[in-house]
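One letter stands for each residue in the lines below.
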Amino acid sequence: MAYTLADKVVHEETVQKSRFIAKAAPVASEEEALAFLAANREPQATHNCFAYKLGHLYRFSDDGEPTGTAGKPILHAIEAQGLDGVVVLVVRYFGGIKLGAGGLVRAYGGVAAEALRRAPKVPLVAWEEVRFWVPFSEVGRVHGLLRSRSLAVTEEYRPEGVRFCVRLPAGEKEEVLREVRNLTRGQVRAED
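Residues numbered from 1 in each chain as written. Predicted model: local features only at pLDDT ≥ 70, side-chain atom pairs only at ≥ 80, totals over all residues. Heavy atoms only, no water.

A. Local environment of the overall build of the chain. On a plain count of helices and strands, the chain comes out with five helices and eleven strands. For 192 residues, the compact-globule estimate of 2.2 N^0.38 gives 16 Å, and the chain exceeds it by more than 25% at 23 Å. For the chain, the spread of C-alpha atoms along the principal axes amounts to about 75 × 30 × 25 Å. Per-residue burial for the chain yields a buried fraction of 42% across its 192 residues. (Helix = DSSP H or I, 4+ residues; strand = E, 2+ residues; numbered from the N terminus. Rg over C-alpha atoms; globule rule 2.2 N^0.38 Å. Buried < 20%, exposed > 50% of the residue type's maximum accessible area, 1.4 Å probe, protein only.)

Dropping the structure here:
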């Protein structure tokens, strides 16, 4: 099972007088990852290197550091801990001492790995939506069922009834629809 971060985390280390600040967060899309990077980069820093992983999609940047010495080690830190849906930005303020390629790999990868180790993690759950219509006479029963399962629900009221849009863990769609059908004695119309 893959995991993601429960919340944002920041970790800072000094390596040979250079200041490294790792900022990590859970993300659900590439747009969220790019927004996090834009909001958290520090323009006055020497380098803003990053990596993110979303399923099979990944991206990394060395931001001016020698090729392969920053972005790839950050990505490796994400993958080594079995994480997905994660973005990590490592900001470096140069301290005057050159670290060499090996030193950079250890510094970027190490500060990213430590930030991720310290972060609380949660299992990564795939979600899906199910949409269905019920007549007004059955709305109360459906509310009760959905409340008992603690599902996220939005509703749209129309003259012909109520359209429910329910967000639930992947694989539970058919079970929920079956329960709603049984509860309403078949008076439900599912949308594809």
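B. Molecular detail of the packing of aromatic side chains. For the structure shown, the criterion picks out five aromatic pairs. Judged by centre distance (6.4 Å) and plane angle (5 degrees), the ring pair of tyrosine 58 and phenylalanine 60 falls under stacked. In this structure tyrosine 58 comes out as partly exposed when scored by relative accessible area, which is 47%. Judged by its relative accessible area of 29%, phenylalanine 60 falls in the partly exposed class. (Phe/Tyr/Trp six-rings, centres within 6.5 Å; stacked < 30°, edge-to-face > 60°.)

C. The nonpolar core, seen in detail. Ile74, Val88, Val90, Tyr108 and Leu116 are the most contacted members of the largest nonpolar core, which totals 26 residues. Only strand 3 (18-26), strand 4 (47-54), helix 2 (71-80), strand 6 (86-93) and helix 3 (100-118) provide two or more residues apiece to this core. With eight residues, helix 3 is the single largest residue contributor to this core. Those residues in contact with leucine 116, other than ones at most four positions away along the chain, are Leu5, Ala24, Ala77, Ile78, Gln81, Leu83, Val86, Val88 and Lys121. Judged by nonpolar contacts, the second largest core, of 16 residues, contains Leu146, Val166, Val176 and Leu177. (Core = buried A, V, L, I, M, F, W, Y, C linked by side-chain atoms within 4.5 Å. Contact = heavy atoms within 4.5 Å.)

D. Representation of the environment of phenylalanine 36 within the structure. Mapping phenylalanine 36 onto the fold places it in helix 1 (residues 30-40). Under the relative-accessibility criterion, phenylalanine 36 is labelled buried at 8%. Each C-alpha atom, one on phenylalanine 36 and one on glutamate 13, is 21 Å from the other, the two residues being 23 residues apart in sequence. For phenylalanine 36, the contacting residues outside a window of four places in its chain are Lys8, Lys23, Ala24, Ala25, Val87 and Leu89.

E. Just the pattern of salt bridges, in detail. Under the criterion given, the structure shown has 14 salt bridges. We note a salt bridge from glutamate 129 to arginine 131, for which the minimum N-O separation is 2.7 Å. A residue is classified by how much of its surface remains accessible, and arginine 131, at 30% relative accessible area, is partly exposed. (Salt bridge = Lys/Arg side-chain N within 4 Å of Asp/Glu carboxyl O.)

Geometry only, nothing functional implied.
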